[in-house]
Amino acid sequence: MVGPPPPTWAIDPAAARAFEVLPGLWQLRLPTPWEHMSHVNAFAIDHDDGGIVLVDTGGAGHPSAWETLEHVLGLAGRSVSDIREIVVTHFHSDHVGLAGPLAAESGATVWAHPAREHLFDAIEEPDAVYARRLAFARAEGVPEEWQDAVASIAEELDGVEAVPRGDRELVDGVTVDTALGAFEVIETPGHAPSHVVLYQPERRLLFSADIVSPVFTTYGDWGYSEDPIGEYRTALERVAELDVALALPGHGRPTEHLSDLLDLYRTGFEQRLAAVTSARGDGAWAVSQEAFEPPAFRPVAVWNCYEAAGYLTHAAG
Ligand SMILES: [Zn+2]
Ligand SMILES: [Zn+2]
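Report on the accompanying structure. Keep in mind that what you see is a predicted model, and the values were worked out from it rather than measured.

In this section: the overall build of the chain. The number of helices and strands found in the chain is eleven helices and twelve strands. Taking 317 residues into account, the globule formula puts the C-alpha radius of gyration at 20 Å, and the chain, at 19 Å, falls close to it. Projected onto its principal axes, the C-alpha coordinates of the chain cover approximately 60 × 40 × 30 Å. Taking all 317 residues of the chain together, 55% fall into the buried category. Long-range pairs, those at least 24 residues apart, make up 66% of the contacts in the chain between residues at least 6 apart in sequence. Summing over all exposed atoms, the chain offers an accessible surface of approximately 13500 Å²; the carbon and sulfur share of this is 50%. Looking at charge distribution, the chain has the averaged site of its 19 positive side-chain charges lying 2 Å from that of its 49 negative ones.

With that settled, consider the packing of aromatic side chains. Applying the stated criterion across every chain, the model contains 15 aromatic pairs. A centroid spacing of 5.2 Å and a plane angle of 45° characterise the contact between Trp146 and Trp285, whose relative ring orientation is tilted. Placement of Trp146 in helix H6 (residues 144-151) and of Trp285 in helix H10 (residues 283-291) is noted, with a sequence separation of 139 residues between them. Grouping residues by exposure puts Trp146 and Trp285 together as buried. Plain terms: the ring middles of Phe216 and Tyr265 are 4.8 Å apart, the flat faces sit at 55° to each other, and that makes the pair tilted. Of this pair, Phe216 sits in the loop between strand S11 (205-209) and helix H8 (228-240) while Tyr265 sits in helix H9 (residues 258-278), and the two are 49 residues apart along the sequence. The exposure classification of Phe216 matches that of Tyr265, with both residues buried. Taken together, the aromatic side chains of Phe216, Tyr232, Tyr265, Phe269, Phe292 and Tyr311 make up a single cluster linked through ring pairs.

Turning our attention to the coordination of the zinc ion (ligand 1). Every protein donor of the zinc ion (ligand 1) is listed here as His90 (NE2), His92 (ND1), His191 (NE2) and Asp210 (OD), and their distances to the metal cover 2.1 to 2.4 Å. Classification of the site at the zinc ion (ligand 1) as irregular follows from its four donor atoms and the range of 87 to 180° in their angles at the metal. Between the zinc ion (ligand 1) and the zinc ion (ligand 2), a spacing of 3.3 Å is present, and a bridge between the two is formed by Asp210. Of this pair, His191 sits in the loop between strand S9 (181-187) and strand S10 (196-200) while Asp210 sits in the loop between S11 and H8, placing them 19 residues apart in sequence.

Counting buried positions over the five residues of S10 gives five, a clear majority of the element. Of the two faces of S10, both are covered, the one formed by Val196, Leu198 and Gln200 as well as the one formed by Val197 and Tyr199. The pairing of S9 with S10 spans four bridges and is classified as antiparallel. From the neighbouring strand, Glu187 faces S10, where its bridge partner is Val196. In this sheet, S11 lies alongside S10 in antiparallel orientation, the contact comprising three bridges. Within the sheet, the bridge partner assigned to Leu198 lies in S11 and is Phe207. Joining the antiparallel neighbours S10 and S11 is a turn of four residues, in which Arg204 adopts a positive phi near 55°.

Moving on: the environment of Ser81. Secondary-structure assignment places Ser81 in the loop between helix H1 (63-75) and strand S5 (83-87). C-alpha of Ser81 to C-alpha of Thr68: the two residues are 13 residues apart in sequence and 15 Å apart in space. At a separation of 3.0 Å, a polar atom in the side chain of Ser81 contacts the side chain of Ser79.

This part takes up the coordination of the zinc ion (ligand 2). The protein atoms donating to the zinc ion (ligand 2) are His95 (NE2), Asp210 (OD) and His251 (NE2), with metal-donor distances spanning 2.0 to 2.1 Å. Sequence positions of the donors to the zinc ion (ligand 2) reduce to the motif H-x114-D-x40-H. Judged by its relative accessible area of 0%, His95 is buried. Assessed through its relative accessible area of 10%, His251 is described here as buried.

With that out of the way, let us pick up the pattern of salt bridges. A side chain with one charge may pair with a side chain of the opposite charge, provided their charged atoms come close. Across all of its chains, the model carries twelve salt bridges by this definition. As a salt-bridge pair, Arg78 and Asp82 come within 3.8 Å of each other at their nearest N and O atoms. The exposure class assigned to Asp82 is buried, which follows from its relative accessible area of 18%. With a shortest N-O distance of 3.2 Å, Arg204 and Asp243 are connected by a salt bridge.

With their axes 5 Å apart at the nearest point, helix H4 (residues 117-124) and helix H5 (residues 126-139) run at an angle of 110° to one another. With respect to their mutual orientation, H4 and H5 come out roughly perpendicular. Residue-level inspection shows Asp121, Ala122, Ile123 and Glu124 of H4 in contact with H5, the latter providing Pro126, Val129 and Arg132. Taken together, the residues of the contact of H4 with H5 sort by class into four nonpolar, no polar and three charged.

What counts, and where the lines are drawn
Residues numbered from 1 in each chain as written. Chains lettered and ligands numbered in written order. Predicted model: local features only at pLDDT ≥ 70, side-chain atom pairs only at ≥ 80, totals over all residues. Heavy atoms only, no water. Helix = DSSP H or I, 4+ residues; strand = E, 2+ residues; numbered from the N terminus. Rg over C-alpha atoms; globule rule 2.2 N^0.38 Å. Buried < 20%, exposed > 50% of the residue type's maximum accessible area, 1.4 Å probe, protein only. Contact = heavy atoms within 4.5 Å. Areas by Shrake-Rupley, 256 points an atom, 1.4 Å probe, with all protein chains shown as cover. Lys, Arg positive; Asp, Glu negative; His and termini not counted. Charge placed at Lys NZ, Arg CZ, Asp CG, Glu CD. Phe/Tyr/Trp six-rings, centres within 6.5 Å; stacked < 30°, edge-to-face > 60°. Donors = N, O, S within 2.8 Å, 3.2 Å for Na, K, Ca; no water. Tetrahedral: all angles 85-135°; square planar, octahedral: opposite > 155°, others 65-115°. Pairing = 2+ DSSP bridges. Polar contact = N/O pair within 3.5 Å; in protein donor to acceptor, adjacent residues only side chain to side chain. Salt bridge = Lys/Arg side-chain N within 4 Å of Asp/Glu carboxyl O. Axes fitted to C-alpha atoms, helices over the stretch in contact; angles between N-to-C directions. Parallel < 35°, antiparallel > 145°, perpendicular 65-115°, else oblique. Nonpolar A, V, L, I, M, F, W, Y, C, P; charged D, E, K, R; others polar.

Here it is, written out as structure tokens:
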């Protein structure tokens, strides 16, 4: 079966938290309904006109998501009507989910990278995407009982609602003005083709989104790049050139030790690439089973298969 899943989940607004990182900058910690990921961060930054710039939004698809964002904005002394700009770091549902409903309610401008097909294809032509992935699964030796999970577009669509394409493009050279100064856009594909980070050089602040997490996780969106692993490694080195005092990630706590996480990822890529290239199995599924740790959660087995395919392409290139 393909098509958008029904909203079967709810989140508890009372579990959300707001932390004032700096005067004029709040971390909004939003719970997710997912077993493999407890929360996602959005950030509210003061805007010069008295409103706010919202970086990422949390997911949508259930009324409790909206209630949670309203609740957490309230903890920061704000409301939806204060939102002037919505900055989408990438088109994954936990980051962009509520952008459409929020923009409709507040009139905010939405900023996002134009490489959005990895989500919009799933929304607009789910059957075609499912068919492409099923062909991939069969070609890569995915066992019958896992083929539907590998082909499924349910994960992309879990938590999105009326996703906007974006009014302004977040590409290299663009800046987003806030009361804390202008943030420079840096394109960092790899985790997703639409992934960007935003850097404020005077304050040395970085919205690092999902480029690094405390646990090495790459994700990627299969079928939208020749070499997502290569792009990801290049993006890490672009970020490594920045002088960052405080990184504000999409998951986990703000950190003064971005370079440690960059090292974790450099090592992680090297180790996984080595494990994949020394595996003897035939096809991405067998290679992923042989090369990687047994997955703790079911979706991870699927990600591992796509990731193994990514390393095989990277190694061949
Ligand atoms: Zn993501
Ligand atoms: Zn994320």
